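Fold and geometry: a report
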Amino acid sequence: MRGGAADRSGLIHVGDELREVNGIPVDDKKPDEIIHILAKSQGAITFKIIPGIKDELPSKEPMMFVRTLFDYEPAEDKAIPCKEAGLAFKRGDILQIMSQDDATWWQAKQHGHANPRAGLIPSKQFQERRFALCRPAAHVLQPQNISSRRSSGFRRSFRLSRRDRKTNKSMYECKKSDQYDMADVPTYEEVTTYRRQNGAKHRLLVLVGPTGVGLNELKRKLLISDPQHFSVTIPHTSRPKKNQESDGVEYYFISKSIFETDIQNNKFVEHGEYKGNFYGTSLDSVRSILSKNKACLLDVQPHTIKHLRTAEFKPYVVFVKPPSIERLRETRRNATIISGKDDKGSAKPFTEDDFLEMVSTAQQMENQYGHLFEKVIVNDDLAVAFTELRSALKKVETDGHWVPISWTHS
Ligand SMILES: Nc1ncnc2c1ncn2[C@@H]1O[C@H](COP(=O)(O)OP(=O)(O)OP(=O)(O)O)[C@@H](O)[C@H]1O
């Protein structure tokens, strides 16, 4: 193993021939028998070795890092050749890949851990194959679950237009909202550290969470706390402008046919239809904020994140999660949500069903998209959640963060 005693000694290499262990000839012995001799030995061990013929220069420690996108427990893996040699990890851990010599079992170690010895992990291809074989059955049920309830956990976004609360996005039917991405098989993602240079464009700050969890409230607080720094996009709509409205303030007002062409040309981050009118957030509205060197706050449905994961936006994705049902009952006693069910979009107190749905949607979002979340914040006490969010967003601007390596090559 990379980093193990033999590797560190620099004296034993792949291809060497083992002739004696502690003076005992092992020519005629099977590997199991040799292991037995080694297991019984104490103190120094002496090997007699015929070196394999190699002209290669000693290889430097490889510097490939990956973010793990699933949990792995070697003790529960029937396929691993040696459970003790496996490396356990949790989704989101950063691993240094030490060897990819074997197509099925890579060697890796946890980044930042003192133990220099590598452990076995399933290779990307092997794990993808395993996921492809066993995942669909587990996942196919989910969209059904969601659509048999109301799809409210997946409606959201264009509505920060708080200036116009009636058009709260929770009333829109979002086109792609119930789609699950069955094609994605998350295993590992190659990453590198990225630190934003002073004055460079900000990373796009993306918030996701179930309806009613408090995304608008948190965005509002951020905007109030530093209006010069944070900004939100102005949505587009094809509905007619009302008298008191101005183009580019509440909305950008465009015709239905232009809206349709823009949809065709992939100009929207997300779009939806409500009462025969289109509403949407354009990519250009995001760009316009970033080009003013402001931090753009955007809340989207989780399936949209993957379209934003580009070198241009380098999104920092925060998942806002509800606390337990008991805490929701306590903290949301005086809170109201905009009803997605009635046409008026009136505010009403939370019901027990709203809480249940919020918690179960959050769970589904986390199961399905958790590998895309860089930060998870539980919105229990609002002031605490806000402080946590604010400080995480500050760090995005100043500290190094692991990002996909493709974001740093342009
Ligand atoms: N931690 C909290 N404690 C108490 N009330 C909260 C908390 N967070 C949010 N709220 C309240 O819950 C209600 C819903 O919050 P908000 O509108 O921000 O949710 P949202 O995630 O944007 O939902 P929607 O998808 O319906 O727009 C608001 O009345 C808000 O003030």
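Residues numbered from 1 in each chain as written. Predicted model: local features only at pLDDT ≥ 70, side-chain atom pairs only at ≥ 80, totals over all residues.

An unreviewed UniProt entry lists the protein under the name MAGUK p55 subfamily member 7, with Umbra pygmaea given as the organism. Listed under Sequence similarities (unreviewed entry) in UniProt, the entry text for the protein is "Belongs to the MAGUK family." (UniProt positions renumbered as here; feature names shortened; annotations may be inferred.)

What to know about the overall build of the protein
Assigned secondary structure in the protein consists of 10 helices and 21 strands. Of all 410 residues assigned to the protein, the portion counted as buried reaches 32%. Once local pairs closer than 6 in sequence are excluded, the contacts in the protein between residues at least 24 apart make up 67%. (Helix = DSSP H or I, 4+ residues; strand = E, 2+ residues; numbered from the N terminus. Buried ≥ 20, exposed ≤ 12 C-beta atoms within 10 Å, placed from the backbone. Contact = placed C-beta atoms within 7 Å.)

Looking at the environment of R19
Tracing the sequence through the fold places R19 in strand β1 (residues 17-21). As a C-alpha pair, R19 and I50 span 31 residues in sequence and 7.2 Å in three-dimensional space. Setting aside residues up to four positions removed in sequence, R19 forms contacts with P25, V26, D27, K48, I49 and I50.

Focus on the site of the ligand
The environment of the ligand is made up of 20 residues, and the closest members are G214, N216, E217, A335 and L382. Broken down by secondary-structure element, the contributors of at least two residues to the shell around the ligand are α4 (215-225), β18 (336-338) and α10 (382-398). (Near = placed C-beta within 6 Å.)

Comments concerning the confidence of the model for the protein
When pLDDT is averaged along the protein, the result is 85; 83% of the residues meet or exceed 70. This model gives residues 137-183 a pLDDT under 50, and the stretch forms 96 contacts once residues within four places in sequence are excluded. The complex model carries a pTM of 0.81, and its ipTM stands at 0.96. (pLDDT = per-residue confidence, 0-100.)

A short note on unusual backbone geometry
A positive phi angle, close to 50°, is found at N22, a residue other than glycine. Summarising the element assignment, N22 is placed in the loop between β1 and β2 (24-25). Positive phi, normally seen in glycine, also occurs at K275, with a value near 50°. In this fold, K275 is placed in the loop between β14 (268-274) and β15 (277-282). Residue classification places K275 among the exposed positions, given that 10 C-beta atoms sit within 10 Å.

A closer look at helix α6 (residues 283-291)
Those residues of α6 not exposed but buried are S285, V286 and I289. Down the axis of α6, the smallest arc covering the buried residues is 100°, so these residues share one side. On its buried face, α6 is in contact with β11 (230-232), β14, β15 and β16 (295-299). Following α6 by one or two positions, N293 adopts a phi angle in the positive range, close to 60°. (Arc of directions from axis to C-beta.)

With respect to the nonpolar core
Membership of the largest hydrophobic core comes to 38 residues, with the highest contact counts inside it found for L205, V206, L297 and V318. The dominant element in this core, judged by the number of residues it contributes, is strand β17 (residues 316-321), at five residues. With near-sequence residues (within four places) excluded, L297 lies in contact with L205, L207, K219, L222, F230 and V232. Counting residues in each nonpolar core, the second largest holds 16 residues, with L87, A118, L120 and Y188 among its members. (Core = buried A, V, L, I, M, F, W, Y, C linked by C-beta atoms within 7 Å.)

Side note on the sheet that holds strand β6 (residues 105-110)
Spatially, β7-β6-β5-β4-β9-β21 is the arrangement adopted by the six strands of the open sheet, whose pairing is antiparallel. Unpaired on one side and paired on the other, β7 (119-122) and β21 (401-404) mark the two borders of the sheet. Each strand of the sheet is rotated relative to its neighbour by a mean of 55°, with strand direction disregarded. Of the pairings in the sheet, the one linking strand β9 (residues 188-194) to β21 comprises four bridges and is antiparallel in character. Paired with T193 across the strands is W402, a residue of β21. (Pairing = 2+ DSSP bridges. Axes fitted to C-alpha atoms, helices over the stretch in contact; angles between N-to-C directions.)

Some remarks on helix α9 (residues 352-369)
In this model α9 runs 25 Å from its N-terminal to its C-terminal C-alpha over 18 residues, within 8% of the 26 Å that 1.5 Å per residue would give. Residues of α9 that are buried include every one of D354, E357, M358, T361, A362, M365 and Y369, and no others. For α9, the buried positions fall inside an angular range of 135° around the axis, keeping them on one side. Those residues of α9 that are exposed and angled more than 90 degrees off the buried face are E352, D353 and N367. On its buried side, α9 packs onto β10 (205-208), α7 (305-308), β17, α8 (325-331) and β18. (Expected span 1.5 Å × (residues − 1).)

Some details on the packing of α4 against α10
Across the interface, α4 lies against α10 with an axial gap of 10 Å and an inter-helix angle of 60°. The handedness of the crossing between α4 and α10 comes out as right-handed. Taken together, the residues of α10 that come into contact with α4 (itself represented by E217, L218, K221, L222 and S225) are L382, A385, F386, L389 and R390. Looking at side-chain class alone, the contact of α4 with α10 contains six nonpolar, one polar and three charged residues. (Left-handed = near helix turned anticlockwise from the far one by under 90°. Nonpolar A, V, L, I, M, F, W, Y, C, P; charged D, E, K, R; others polar.)

What about the sheet that holds β2?
On the basis of which strands lie adjacent, the open sheet formed by three strands has the order β2-β1-β3 and antiparallel pairing. Two strands in the sheet have a free side with no partner beyond their single neighbour: β2 and β3 (47-50). As defined by bridge partners, β1 adjoins β2 across two bridges and the pair is classed as antiparallel. Across the sheet, residue V21 finds its bridge partner in β2, namely I24.

Considerations on the pairing of β1
Where β1 lies against β3, four bridges are found, and the strand directions are antiparallel. Bridge pairing in β3 links L18 to I49. The turn joining β1 and β2, which pair antiparallel and follow one another in sequence, is formed by two residues; a positive phi near 50° is taken by N22.

A look at the environment of H271
Positionally, H271 belongs in strand β14. Owing to 25 C-beta atoms within 10 Å, H271 belongs among the buried residues under this scheme. Through-space distance from the C-alpha of H271 to that of G119 is 46 Å; in sequence the pair is 152 residues apart.

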